[in-house]
Amino acid sequence: MKVKNILESEHFQLISDNLGIENEVNGIFSCDLLSHVMGFANEKNILITVLNNINVLGVASLLDLSCVIFSHNIQVNESIISKANDLDIPLIRTKLSTSETVISLYQSGVNN
Amino acid sequence: METYSKVYNIEKHDISNAGTIASLTKRELKRRGLTREFVKKVTIGLYEAEINVVIHSYGGNVSLDITDEYIEIIFKDTGPGIDSIDEAMTAGFSTASSLAIENGFGAGMGLPNIKAVSDEMLLTSSKEGTRLYLKFYIKSENYES
């Protein structure tokens, strides 16, 4: 599965430029504490978070995550979107809660 | 390959630049042909330690030496020091400020994560400053075949 396949669902809206949407996806990781993400997320995971912070992208880049999904309709700062475009990391926003996001992704075929 | 040596300054509370040292080093490790798994280990150690200096200390620096056989990393800061290293090494124990927590840090997982990924770790601290020594051994299987 690729990031672009996730975007086929009406729940998920791409808020960064059209970069990195061919990234492969191999699992879901949900957390708002970056040290847990650093310690436990794996390459090509999707990160679901409500943490509206530029350091999310530092971690996503270091771990080669496939994309970042902001749940609960979090309004993401322009500086974060701009940094994501520099790093080719797709940013996705959804109105779903974090748990609904996990379920929706799982139902569409992403699992770990 | 030639030895790669760098020294970077780390500024107090400069959270938006945190991760730069780990990113630059990741690029060098990839250039040297090291595997993704190995690069990830070193990157986690560097990132967590860099964040610690940014959020807990008055500022400091890190020196890095990468050879074909090992990586040596020394973080030094100018205080205020760690009260109890045993407590600091306990997963979940945290003294993080609200600044750190608002930025997604302060879970109390930094030092335990560093210990888990490194081959040698030596942490010493006084009020004048903290020193963290890390060593990663590079074996032949850590290079991409």
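The coordinates are above.
Just so we're clear, the structure is a prediction, and the values are computed from it rather than from any experiment.

1. A word on the layout of surface pockets
All names here are of chain B.
Right, on to step 1. Its volume calculated, the largest pocket comes out at about 630 Å³.
Right, on to step 2. Taken together, 33 residues make up the lining of the largest pocket; nearest its centre are N52, H56, I82, T95 and L111.
Right, on to step 3. Taken together, the elements giving at least two residues each to the lining of the largest pocket come down to helix 2 (36-56), strand 3 (70-77), helix 3 (85-88), helix 5 (110-117) and strand 5 (129-137).
Right, on to step 4. Top contributing element to the lining of the largest pocket by residue count: helix 2, with 7 residues.

2. With respect to unusual backbone geometry
Right, on to step 1. The residue after B:G79, namely B:P80, is reached through a cis peptide bond having omega 10 degrees.
Right, on to step 2. Its location among the elements puts B:P80 in the loop between strand 3 and helix 3.
Right, on to step 3. Phi at A:D64 is positive, roughly 55 degrees, even though this residue is not glycine.
Right, on to step 4. Along the chain, the position of A:D64 falls in the loop between helix 3 (55-63) and strand 4 (67-70).
Right, on to step 5. Despite not being glycine, A:N73 has its phi angle at roughly 55 degrees, a positive value.
Right, on to step 6. Along the chain, A:N73 turns up in the loop between strand 4 and helix 4 (78-87).
Right, on to step 7. For A:N73, a relative accessible area of 31% translates into the label partly exposed.

3. Focus on the pattern of salt bridges
Right, on to step 1. Inspection of every chain in the model, using the stated rule, returns 11 salt bridges over all chains.
Right, on to step 2. Between A:K2 and A:E22 there is a salt bridge, with the nearest N and O atoms lying 3.2 Å from each other. On the criterion of sequence distance, the pair formed by A:K2 in the segment before helix 1 (3-6) and A:E22 in the loop between strand 1 (13-14) and strand 2 (27-30) is long-range, its members being 20 residues apart.
Right, on to step 3. Judged by its relative accessible area of 26%, A:K2 is partly exposed.
Right, on to step 4. The exposure class of A:E22 is partly exposed, given its relative accessible area of 44%.
Right, on to step 5. A salt bridge links B:E72 to B:K135, with the shortest nitrogen-to-oxygen separation between them at 3.9 Å.

4. Quick notes on the sheet that holds strand 3 (residues 45-49) of chain A
Residue and element names in this part refer to chain A.
Right, on to step 1. Overall, mixed pairing links the 5 strands, which are arranged 1-5-4-3-2 in an open sheet. The open sheet has two free edges, formed respectively by strand 1 and strand 2, since each of these has just one partner strand.
Right, on to step 2. Examined bridge by bridge, strand 3 and strand 4 share 4 bridges and lie parallel to one another. Each bridged residue has a counterpart across the sheet, and for L47 the counterpart in strand 4 is V68.

5. Topic: the packing of aromatic side chains
Residues and elements named next belong to chain B.
Right, on to step 1. Using the criterion set out here, one finds 1 aromatic pair over all chains in the structure.
Right, on to step 2. For the pair Y47 and F105, a centre-to-centre distance of 6.3 Å together with 55 degrees between the ring planes defines the contact as tilted. Residue Y47 is located in helix 2, and its partner F105 is located in the loop between helix 4 (98-102) and helix 5; the two are separated by 58 residues in the primary sequence.
Right, on to step 3. The buried category is assigned to Y47, whose relative accessible area is 1%.
Right, on to step 4. Over the ring of Y70 we find K135; its NZ or CZ atom is 4.5 Å from the centre of that ring.

6. Observations regarding the environment of B:Y58
Residue and element names in this part refer to chain B.
Right, on to step 1. Residue position: Y58 is located in the loop between helix 2 and strand 2 (60-66).
Right, on to step 2. Y58 sits 34 residues away from L24 along the chain, and the two C-alpha atoms are 23 Å apart.
Right, on to step 3. The residues touching Y58, leaving out its near neighbours within four places in the chain, are K12, T78, G79 and P80.

7. Notes on the sheet that holds strand 3 of chain B
Residue and element names in this part refer to chain B.
Right, on to step 1. The 5 strands lie next to each other as 1-2-3-5-4, forming an open sheet whose pairing is antiparallel. The open sheet has two edge strands, strand 1 (4-10) and strand 4 (120-126), and neither has a second partner. Neighbour-to-neighbour, the strand axes of this sheet turn through a mean angle of 10 degrees, independent of strand direction.
Right, on to step 2. The sheet contact formed by strand 3 and strand 5 spans 7 bridges and is antiparallel. Across the sheet, residue F75 finds its bridge partner in strand 5, namely L132.
Right, on to step 3. In the packing of helix 5 onto the sheet, the strands contacted are strand 4 and strand 5, and the crossing angle to strand 4 comes to about 145 degrees.

The rules behind the values
Residues numbered from 1 in each chain as written. Chains lettered and ligands numbered in written order. Predicted model: local features only at pLDDT ≥ 70, side-chain atom pairs only at ≥ 80, totals over all residues. Heavy atoms only, no water. 1 Å grid on protein atoms, 1.4 Å probe; cavity = no way out; pocket = protein on both sides within 12 Å on 5 of 7 lines; lining within 4 Å. Points joined across faces, edges and corners; volume = space filled by probe spheres on them. Helix = DSSP H or I, 4+ residues; strand = E, 2+ residues; numbered from the N terminus. Buried < 20%, exposed > 50% of the residue type's maximum accessible area, 1.4 Å probe, protein only. Salt bridge = Lys/Arg side-chain N within 4 Å of Asp/Glu carboxyl O. Pairing = 2+ DSSP bridges. Phe/Tyr/Trp six-rings, centres within 6.5 Å; stacked < 30°, edge-to-face > 60°. Lys NZ or Arg CZ within 6 Å of the ring centre and 35° of its normal. Contact = heavy atoms within 4.5 Å. Axes fitted to C-alpha atoms, helices over the stretch in contact; angles between N-to-C directions.

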